[in-house]
Amino acid sequence: MTSLTLPPRPPDSPPLAQAWQTLADGLLTQRLHLHLDEWRAAVAEEKALPDLPGADVSVLAQRPSPLPTGDGFAMALLADAGLGFWWDLPQRHGAESRNRRGALRRAADTAAQSILAEQSGAAWSDAVTAVSAAATWWVGFFAVIRHRGVHHITLEPHPDPLHEQALGTAVSIVAHGMATRVLEAALRNSDDDPALRAAYCRAVEAGVCAEPELPRLIDELAELRLVDLVSTTARWRGRFTKYAGGTGAGQVE
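So, a few notes on the structure that sits alongside this text. (Residues numbered from 1 in each chain as written. Predicted model: local features only at pLDDT ≥ 70, side-chain atom pairs only at ≥ 80, totals over all residues. Heavy atoms only, no water.)

### A word on the overall build of the protein
Threshold: Comment: elements are numbered from the N terminus, with helices defined as DSSP H or I runs of at least four residues and strands as E runs of at least two. Each residue is placed in one exposure class: buried if its accessible area under a 1.4 Å probe, protein chains only, is under 20% of its type's maximum, exposed if it is over 50%, and partly exposed if it falls in between. Here, residues are in contact when the closest pair of their heavy atoms is within 4.5 Å.
The secondary structure content of the protein amounts to 11 helices and zero strands. Mapped from its N terminus to its C terminus, the protein presents α and β elements in the order α-α-α-α-α-α-α-α-α-α-α. Looking at the 253 residues of the protein, the share that counts as buried comes to 49%. Taking contacts inside the protein between residues at least 6 apart in sequence as the whole, the part at least 24 apart equals 78%.

Structure below.
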C-alpha cells in the first residue's frame with residue numbers, strides 16, 4: 001500500500017481547529033444573509049410557528065440591549081475574539097425590543113451570571129454579557145425559520161416540532177461557548193488577573209458539564225442550521241466532526 005504524504009503546512013497557517021472555527025463562523029453569517037428576507041417575512045407575519053407551539057416570534061426576533069455608550073474595551077475585546085459579527089449582526093437586523101424578556105433571554109442572562117459570579121463589574125464582563133445576549137438572537141433567528149429547514153442527517157424537510165425548553169438549553173450552551181472565546185481573548189492580553197482566570201474556569205466547567213447532554217439536544221433540535229450553530233459553538237469533542245469527517249459544509253444552501 002502506498003502511503004499518502006501530505007505537503008507541509010505553511011509556516012504562518014493557523015491551528016486546524018482555528019481554521020475550522022473560521023469556516024463555521026463564515027457559514028453562520030452566510031446562512032443569515034441567505035435567509036434574512038425569509039426571516040423578516042416570518043417575523044412581520046407574527047403568526048404562530050408550526051414547529052414551536054406557543055413561541056412568541058416577536059420575542060425571538062428582538063435585538064439584544066446595546067452596550068453602554070463608550071464601552072470601547074468590550075468592542076475591542078469582541079473584535080480580538082473574532083466575534084464582532086456575532087454582536088453587530090443582531091444589532092443591525094434585530095427587531096425593536098418590546099421589553100419582554102422571554103425564556104431564551106433568561107437562559108442567556110443565567111449563563112452570563114454563572115460565569116461572571118461576583119465579578120460582574122470587571123472590565124471584560126460587558127463583553128461576556130454581550131455575547132451571551134446575542135446568543136438569544138442567533139438561536140431565535142434560526143428557530144423562526146426552522147420549519148422550512150431540513151433534518152441535519154437525513155436532509156429531509158420539515159423536522160418534527162420542538163419544545164421551547166430545548167431552545168433555552170441551546171441558548172445556554174451557545175452563550176457559554178461564545179463567552180469562553182471572549183475570555184480566552186481577554187486572557188491573552190491579561191497581566192495575570194485571578195478573577196478573569198476564575199471566570200474562564202467556570203466557562204470551561206460549564207462546557208464540560210453540558211457535553212453529556214449535547215447528543216440528545218442535537219437530536220431534538222434536528223434542523224441543520226440550528227444543529228450547526230450549537231455543535232460548532234459548544235466546546236465539546238463533537239465540535240468539528242462534520243469538517244474532520246470531510247462532509248461538505250453548507251451543502252444544502
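Moving on from the model shown.
### Focus on the pattern of salt bridges
Worth spelling out the cut-off: Salt bridge, as used here, is a side-chain nitrogen of Lys or Arg placed within 4 Å of a carboxyl oxygen of Asp or Glu.
This structure, assessed with the given rule, holds 15 salt bridges. R40 is the salt-bridge partner of D37, the closest N and O atoms lying 3.7 Å from each other. Of the two residues, D37 and R40 are both situated in helix α1 (residues 16-45); the distance of three residues between them amounts to about one turn of the helix. For R40, a relative accessible area of 40% translates into the label partly exposed. The residue R92 makes a salt bridge to D88 at a minimum N-O spacing of 2.3 Å. On the criterion of helical spacing, the pair formed by R92 and D88 is a turn pair, its members being four residues apart in helix α4 (residues 84-93).

### A few points about the packing of α1 against α4
Threshold: Here an angle of 0 to 180 degrees is reported between the N-to-C directions of two axes, which are lines fitted to C-alpha atoms, with helices fitted over the stretch in contact. Angles below 35 degrees are treated as roughly parallel, those above 145 as roughly antiparallel, those between 65 and 115 as roughly perpendicular, and all remaining angles as oblique. All residues other than Ala, Val, Leu, Ile, Met, Phe, Trp, Tyr, Cys, Pro, Asp, Glu, Lys and Arg, Gly among them, are scored as polar; the first ten of these are nonpolar and the last four charged.
Close contact between α1 and α4 brings their axes to 12 Å; oriented N to C, the two are set at 10°. Compared by their axis directions, α1 and α4 come out roughly parallel. Residues D25, L28, T29, L32, H33, L36, W39 and R40 of α1 form the contact with α4, whose participating residues are F85, W86, L89 and H93. Here the residues of the contact of α1 with α4 sort into seven nonpolar, three polar and two charged.

### Observations concerning the packing of aromatic side chains
The condition that has to hold: When the centres of two rings from Phe, Tyr and Trp lie within 6.5 Å, Trp using its six-membered ring, the rings pair. Their planes under 30 degrees apart give stacked, over 60 give edge-to-face, and anything left gives tilted.
For the structure shown, the criterion picks out 10 aromatic pairs. Centroid distance W20 to F240: 5.8 Å. Interplanar angle 50°. Geometry classified as tilted. Here W20 is found in helix α1, whereas its partner F240 is found in the loop between α10 (224-233) and α11 (241-244), with 220 residues between them in sequence. Of the residues examined, F240 reaches a relative accessible area of 9% and is grouped as buried. Aromatic side chains F141 and F142 sit 5.1 Å apart centroid to centroid with 85° between the ring planes, which places their arrangement in the edge-to-face category. Exposure class is identical for F141 and F142. Each is buried. Clustering of aromatic rings is evident, with ring pairs tying together W39, F85, W86, W137, W138, F141 and F142.

### What to know about empty space enclosed by the protein
Condition: Put simply, the grid is 1 Å and covers the protein atoms alone, a cavity is a trapped set of points that fit a 1.4 Å probe, a pocket is an open set with protein on both sides within 12 Å along at least five of seven lines, and lining residues have an atom within 4 Å of a point. Grid points are joined across faces, edges and corners, and a volume is the space filled by probe spheres set on the points.
Going through the model one piece at a time under the given rule, you end up with one cavity of 30 Å³ or more. As a volume, the largest cavity reaches approximately 100 Å³. For the largest cavity, the lining is made up of 14 residues, of which A24, L28, D228, L229 and T232 are closest to its centre. Only α1 and α10 provide two or more residues apiece to the lining of the largest cavity. Ranked by residue count, the leading element in the lining of the largest cavity is α1, at six residues. Grouping the amino acids of the lining of the largest cavity by side-chain chemistry returns seven nonpolar, three polar and four charged.

### A closer look at the environment of W86
If you trace the backbone, W86 turns up in helix α4. For W86, a relative accessible area of 0% puts it in the buried group. Excluding residues that lie within four positions of it along the chain, W86 makes contacts with L28, V131, A134, A135, W138, V174, M178 and L229.

### Observations regarding α1
Which entries qualify depends on this criterion: A helix's residues, less one, multiplied by 1.5 Å, set its expected span. To get the bend at a residue, fit one axis to the 7 residues ending there and another to the 7 starting there, then take the angle between the axes.
Spanning 30 residues, α1 covers 43 Å between terminal C-alpha atoms, matching the ideal 44 Å at 1.5 Å per step. Of all the bends in α1, the greatest measures close to 55° and is centred on H35. E46 sits one or two positions beyond α1 and adopts a positive phi of about 55°.

### Quick notes on unusual backbone geometry
Phi is positive for E46, close to 55°, though the residue is something other than glycine. Mapped onto the secondary structure, E46 falls in the loop between α1 and α2 (57-61). The phi dihedral of H158 is positive, around 60°, even though this residue is not glycine. Relative to the elements of secondary structure, H158 occurs in the loop between α6 (125-144) and α7 (164-188).

What is shown is where atoms sit, not what they do.
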